Amino acid sequence: MNQNGLLGQVKQNLLHYNLWSDISEIKLPNYTLIQGKPKEPLSSAAESHNEYEIIYPIKLTDSLTPKQLNQIFEELKLEKGNRLPKIICAILNDDGTIVYYNIYNGLIKPKKN
Amino acid sequence: MGLPLLLMTEEIVWLVLKNLAILVPGKKYIESIYSKISQDDIQLLEKEKKDYLEDQLAIKIKQFEEKQIKLNRPVKINKDFLIENFTLIIPREPNPLLLKDRYVHDKSEELVSITNFLKFSATTYSIFQYLKSLDYFLLPGLRFGGRFIAYPGDPLRFHSHLIVNDFKYNENIDLIKLVRGGRLATGVKKAWLVASVIEGDEEKCVDKQKDDEIAGEEIACFSVEWAGFG
């Protein structure tokens, strides 16, 4: 696996910089995602009883449309059995920086203040 | 906020389509009323104006009496003297709504205006209507760099809002925008919403939305927030 490719860079970042574990790839018909376990659960127990998070790596300069997002959630549903509430988008800049953003399928429930 | 209200285009369309308001072309409305005005109408307007003044006066007198009682002072005093010297009532213009039945509502003209609005922002309106059907309150989104701000209707969930952004289904979101919007939203305890009307002959791959859709449109929504790590 080319460690300098998109997938490789994100896997490295998750593993060595963010200290995630159990990192693997999920190959879908049109997309390849990453699955892994954060060092500590990212959110309250109710949301992450699964403990695994799904990462979608993408370059800052790539295109991302609502249709593509829908497609990712749909392909993940076929793979995992039901439509997951959220994925994490890993956005890579050409300078090596990576930022992570949660993308929820639908309208997010408001958090208690 | 008082009258007149300044509404968003989408609010106006929504109110008219829900039969909660009608669009009235200002000039035509006034002409329509005043071309048919009769002597009885004038008397009606004058009477309404007089009644309003008398009501206001009665309120002022009552307020004065209550104040006197509170301060343990005598209530019965020379009312005429008081009225002349100590009350200020600003008379109001006659209320044109009293004659609103004189205006003949032109539905076709109204529909032309609505259609022009919709042509201007049809997909934005679809998103507006969808969120309204889920009991969100919507305000203009300029303060947070979005199209709308959406407030969940339930007062118990008072503090969280959405910054609503409308996109075409095949439109590139532009990841820099996503980063900027997502980081801002998270910083102010909101989420950055990507809202879009589904196009094409896709199977219903979005979880079924509530009813109240225009011509069977479905809306795809994705909420974005900073993941908090990295």
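Residues numbered from 1 in each chain as written. Chains lettered and ligands numbered in written order. Predicted model: local features only at pLDDT ≥ 70, side-chain atom pairs only at ≥ 80, totals over all residues. Heavy atoms only, no water.

As recorded in an unreviewed UniProt entry, chain B goes by the name tRNA-splicing endonuclease subunit SEN34, listed as coming from Wickerhamomyces mucosus. The record in UniProt for chain B states the following under Catalytic activity (unreviewed entry): "pretRNA = a 3'-half-tRNA molecule with a 5'-OH end + a 5'-half-tRNA molecule with a 2',3'-cyclic phosphate end + an intron with a 2',3'-cyclic phosphate and a 5'-hydroxyl terminus." The record held by UniProt for chain B lists under Sequence similarities (unreviewed entry) the comment "Belongs to the tRNA-intron endonuclease family." (UniProt positions renumbered as here; feature names shortened; annotations may be inferred.)

Per an unreviewed UniProt entry, the recorded name for chain A is tRNA-splicing endonuclease subunit Sen15 domain-containing protein, and the organism is Wickerhamomyces mucosus. Word for word, the UniProt comment on chain A under Sequence similarities (unreviewed entry) is "Belongs to the SEN15 family."

### Here's the deal with unusual backbone geometry
Comment: phi is negative for the bulk of residues other than glycine, and the bulk of peptide bonds are trans. Phi is positive for Leu19 of chain A, close to 60°, though the residue is something other than glycine. Checked against the element boundaries, Leu19 of chain A lands in the loop between α1 (6-17) and β1 (21-27). The backbone of Asn19 of chain B sits at a positive phi, close to 60°, despite the residue not being glycine. Relative to the assigned elements, Asn19 of chain B resides in the loop between α1 (9-17) and α2 (26-34). (Helix = DSSP H or I, 4+ residues; strand = E, 2+ residues; numbered from the N terminus.)

### With respect to the interface of chain A and chain B
Each side of the interface is counted separately: chain A has 36 residues, and chain B has 42 residues. Summing the contributions of chain A and of chain B, the shared interface buries around 3200 Å²; its carbon and sulfur component is 64%. If you look at where chain A meets chain B, you find zero salt bridges. The interface formed by chain A and chain B holds 13 residue pairs in polar contact (both at pLDDT 80 or more) in total. Contributing elements (two or more residues each) for the side of chain A that touches chain B: α1, β3 (53-59), α2 (66-80), β4 (86-92) and β5 (98-105) of chain A. With eight residues, β5 of chain A is the single largest residue contributor to the side of chain A that touches chain B. The residue makeup of the side of chain A that touches chain B, split by class, is 21 nonpolar, eight polar and seven charged. (Contact = heavy atoms within 4.5 Å. Buried area = accessible area lost by both parts, 1.4 Å probe. Salt bridge = Lys/Arg side-chain N within 4 Å of Asp/Glu carboxyl O. Polar contact = N/O pair within 3.5 Å; in protein donor to acceptor, adjacent residues only side chain to side chain. Nonpolar A, V, L, I, M, F, W, Y, C, P; charged D, E, K, R; others polar.)

### Remarks on the sheet that holds β1 of chain A
Strands sit in the order β1(A)-β2(A)-β3(A)-β4(A)-β5(A)-β5(B)-β4(B)-β3(B)-β2(B)-β1(B) across an open sheet of 10 strands; the sheet is mixed. Edge positions in the sheet fall to β1 of chain A together with β1 (136-140) of chain B, since each has one partner strand and no second. When strand polarity is set aside, the average angle formed by the axes of neighbouring strands in this sheet is 30°. Note that β4 of chain A and β5 of chain A share seven bridges and pair antiparallel. Among the inter-strand pairings, Ile87 of chain A is bridged to a residue of β5 of chain A, identified as Ile103 of chain A. Against the sheet, α2 of chain A engages β1, β2 (32-37), β3, β4 and β5 of chain A together with β3 (161-167), β4 (190-197) and β5 (219-226) of chain B, with an angle of about 90° to β5 of chain B. Each of β3, β4 and β5 of chain A together with β3, β4 and β5 of chain B is contacted by helix α6 (residues 175-187) of chain B, which is oriented at about 140° to β4 of chain B, the strand it contacts most. (Pairing = 2+ DSSP bridges. Axes fitted to C-alpha atoms, helices over the stretch in contact; angles between N-to-C directions.)

### Brief notes about the pattern of salt bridges
Residue and element names in this part refer to chain A. In this structure the tally under the stated criterion is nine salt bridges over all chains. Residue Glu25 pairs with Lys27 through a salt bridge whose shortest N-O separation is 3.1 Å. On the accessibility criterion, Glu25 (25% relative accessible area) is partly exposed. The partner of Glu74 in a salt bridge is Arg83, and the shortest N-O contact between them spans 2.7 Å. On the accessibility criterion, Arg83 (11% relative accessible area) is buried. One connected set of salt bridges, linked through shared partners, spans Lys11, Glu25 and Lys27. (Buried < 20%, exposed > 50% of the residue type's maximum accessible area, 1.4 Å probe, protein only.)

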